[in-house]
Amino acid sequence: GDVTGDGDGDVTGDGDGDGDNEITNNKPEVTIDSIDDFITSGTAISGTATDLDNELLTYQWTELSGHGISFSDSTALTTNVLYTGFEDGVAVIEVTVRFSASDGIDTTYKEATFKIYRTDYLYFSKGATGDGLSPANPKGATGPDINSAINEAKISGLKAVAISEGTYEVTYAETDGTHVQMKDGVSLYGGYSSSTFLRNRAQYITTIKDMSHDIGEAVNNPSRTVELLSGTSPLNIIDGFTLIAGTDDSTGAASVIFCKKDTTDISISISNNIITTQDNNFADLNGIIIFDVAATIKYNEIVLKSLINNGSGNNSNNRAIYIRGEGNCSISNNEVSLGSAISTTDGHYARSVGFFLTHYTGDITIFNNTIEGGYAHSSPDPSYTGIYDIFMHNSNFANISIYNNTLICIQDGSIGYTANIYIVYSNPTIINNLLYISGTDTSEAYNISEGGMDSDPFIVQNNGFYNDINGYFYYDYSTHVPIYGLFQSIYNEPDGSGTLSNWGNRTIDSSDL
């Protein structure tokens with residue numbers, strides 16, 4: 001009865017004669033060969049596997065980290081890691097893979113973690129000294145070298161510069177400034193770890209601060225933290241930074257981001273940034289300036305500080321976004337906090353404005369934004385100050401749509417004029433907005449105000465109005481009549497019939513905000 005040839009008379013071959021089938025299988029032994037901490041898509045990785053029983057082994061590579069990488073041959077000892085799914089702004093992903101071997105009875109495995117980086121970005125980190133071609137060897141030093149990185153990326157045909165955490169100080173000058181000067185086709189991304197270039201904008205803060213006025217430079221000249229002047233590429237992106245404009249004790253204006261068409265068309269996307277000005281005496285403070293540029297401005301936090309017109313010039317404006325000229329624009333999902341605007345001399349204006357559109361001829365959509373107006377004061381004559389969430393001027397050839405915004409003006413002081421939406425020679429469509437004005441002042445305050453002829457909106461529909469200063473929801477320039485409550489419509493129906501309540505407009509209170 002011994003069919004195994006081991007001489008014990010059983011059929012199991014385990015040698016003890018009890019017939020209990022105690023065959024012992026030796027599991028495969030596996031290892032993963034050393035993998036560099038940073039690799040690129042297409043890099044070969046290898047495993048080894050042995051089996052003491054000399055069984056035929058099968059192999060399997062799998063990913064555990066969920067990024068969707070693939071393998072050139074997932075069943076081979078050596079395979080190539082493949083990944084093409086980088087989203088804009090993602091420079092590095094961290095991957096964990098498993099290599100397993102099976103003899104048909106038992107399976108054993110080992111795991112390894114490494115990072116895959118994209119090769120179309122240049123890597124920049126404060127204090128680094130490398131060539132910038134990989135996150136393991138970033139280029140860097142101090143603020144001025146950001147421009148050298150941008151230039152190198154441009155020459156090398158790279159898509160973007162990834163700038164790691166830290167504060168980079170720059171200085172504006174028209175010819176030899178170290179302020180960030182964007183180049184056509186090279187985007188800028190911040191919010192990366194300086195050691196791994198994994199991105200987390202909340203954890204790894206990349207700050208670029210203009211020091212021009214702090215150190216006495218650019219007196220009587222405009223200050224710019226980031227500048228884009230010309231280009232022909234489909235899109236330039238600046239995303240994931242804290243950007244700060246310089247201070248000024250003279251007449252030099254300050255802008256955080258300045259974009260202007262020079263000789264060729266420009267297109268820019270400004271997203272996921274914290275944009276802030278600092279206190280300024282007299283000169284204009286601007287978060288973003290867009291002149292003759294197609295722009296997408298989204299998911300930014302814009303904070304304007306105080307502006308004082310001390311009588312050394314005519315007008316001063318605190319503006320979160322200033323748009324002029326041609327080029328289609330989309331402004332969405334931004335949070336804006338307007339600073340104070342103060343005039344100390346009659347005849348010298350100081351205004352605090354969220355979105356300022358002037359002489360605009362393109363299509364613009366303004367939606368899902370929150371703007372909170374700041375303090376304004378003029379002494380002795382309050383008529384020289386104003387707070388406006390959205391101010392449109394000489395843009396009656398533009399197609400302007402304003403919807404789903406929360407526009408707030410909280411007065412605190414002697415103010416000349418307050419309006420959530422101020423319209424001069426423009427014809428916007430205004431739908432589904434909350435328009436809220438509150439304060440103690442008794443000066444002119446309107447949710448919507450016409451400031452010139454030919455300024456009637458095409459449609460005002462489904463908005464909520466609140467005004468506890470004087471109750472004026474709308475000012476009609478043609479009749480020079482401020483209107484309380486749900487007022488008569490002169491622009492929604494051809495024959496002038498109907499009230500705004502027919503169009504779904506309503507009164508609101510603070511609980512609606």
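Residues numbered from 1 in each chain as written. Predicted model: local features only at pLDDT ≥ 70, side-chain atom pairs only at ≥ 80, totals over all residues. Heavy atoms only, no water.

(A) Quick peek at the overall build of the protein. Per the secondary structure count, the protein includes one helix and 45 strands. Every one of the 513 residues in the protein was classed for burial, and the buried ones make up 52%. Within the protein, contacts between residues at least 6 apart in sequence are counted, and of these 73% link residues at least 24 apart. Approximately 20800 Å² of the protein is accessible, and the part contributed by carbon and sulfur atoms is 46%. (Helix = DSSP H or I, 4+ residues; strand = E, 2+ residues; numbered from the N terminus. Buried < 20%, exposed > 50% of the residue type's maximum accessible area, 1.4 Å probe, protein only. Contact = heavy atoms within 4.5 Å. Areas by Shrake-Rupley, 256 points an atom, 1.4 Å probe, with all protein chains shown as cover.)

(B) Geometry of the nonpolar core. Judged by nonpolar contacts, the single largest core of 67 residues is most densely connected at Val161, Ile238, Ile257, Ile268, Ile290 and Ile421. Leaving out residues up to four positions away in the same chain, Ile238 has contacts with Met182, Leu188, Val226, Leu243, Ile257, Ile268, Ser269, Ile270, Ser271 and Asn273. In terms of nonpolar packing, the next biggest core, distinct from the first, is built from 20 residues, Val30, Ile32, Ile39 and Tyr83 among them. (Core = buried A, V, L, I, M, F, W, Y, C linked by side-chain atoms within 4.5 Å.)

(C) Representation of the pattern of salt bridges within the structure. On inspection of all chains with the given rule, the structure shows ten salt bridges. In this structure, Lys115 engages Glu94 in a salt bridge whose closest nitrogen and oxygen atoms are separated by 3.4 Å. Highlighted residues: Lys115 in strand 8 (residues 107-117) and Glu94 in strand 7 (residues 92-102), separated in sequence by 21 residues. Given a relative accessible area of 7%, Lys115 falls into the buried group. Overall, the relative accessible area of 37% leaves Glu94 in the partly exposed class. Glu227 is paired through a salt bridge with Arg224; the nearest N and O atoms lie 2.5 Å apart. By relative accessible area, Glu227 is classed as buried at 9%. When salt bridges with common partners are traced through the structure, they connect Asp37, Glu94 and Lys115 into a single cluster. (Salt bridge = Lys/Arg side-chain N within 4 Å of Asp/Glu carboxyl O.)

(D) Molecular detail of the layout of surface pockets. Within this model, the largest pocket holds a volume of roughly 170 Å³. Forming the walls of the largest pocket are 15 residues, and the residues nearest its centre are Arg201, Phe241, Asn272, Asn273 and Ile274. For the lining of the largest pocket, the residue count by class is six nonpolar, seven polar and two charged. (1 Å grid on protein atoms, 1.4 Å probe; cavity = no way out; pocket = protein on both sides within 12 Å on 5 of 7 lines; lining within 4 Å. Points joined across faces, edges and corners; volume = space filled by probe spheres on them. Nonpolar A, V, L, I, M, F, W, Y, C, P; charged D, E, K, R; others polar.)

(E) Region of interest: the sheet that holds strand 23 (residues 294-298). One open sheet holds the eleven strands; their spatial order is 9-10-13-16-19-23-27-31-35-38-41, and the pairing between them is parallel. The sheet is open, and its two borders are formed by strand 9 (121-124) and strand 41 (459-461), each paired with just one other strand. Across the sheet, the mean angle from the axis of one strand to that of its neighbour is 10 degrees, orientation sign disregarded. Note that strand 19 (residues 267-271) and strand 23 share five bridges and pair parallel. When the bridges of strand 23 are listed, Ser269 appears paired with Thr296. Strand contacts of helix 1 (residues 145-156): strand 9, strand 10 (160-164) and strand 13 (187-192), with the helix running at about 160 degrees to strand 9, the strand carrying the most contacts. (Pairing = 2+ DSSP bridges. Axes fitted to C-alpha atoms, helices over the stretch in contact; angles between N-to-C directions.)

(F) Structural context of the state of the cysteines. Taken as a whole, this structure holds zero disulfides when the rule is applied. With no disulfide partner, Cys259 has as its closest neighbouring cysteine sulfur the one in Cys329, 9.9 Å distant. (Disulfide = S-S within 2.5 Å.)

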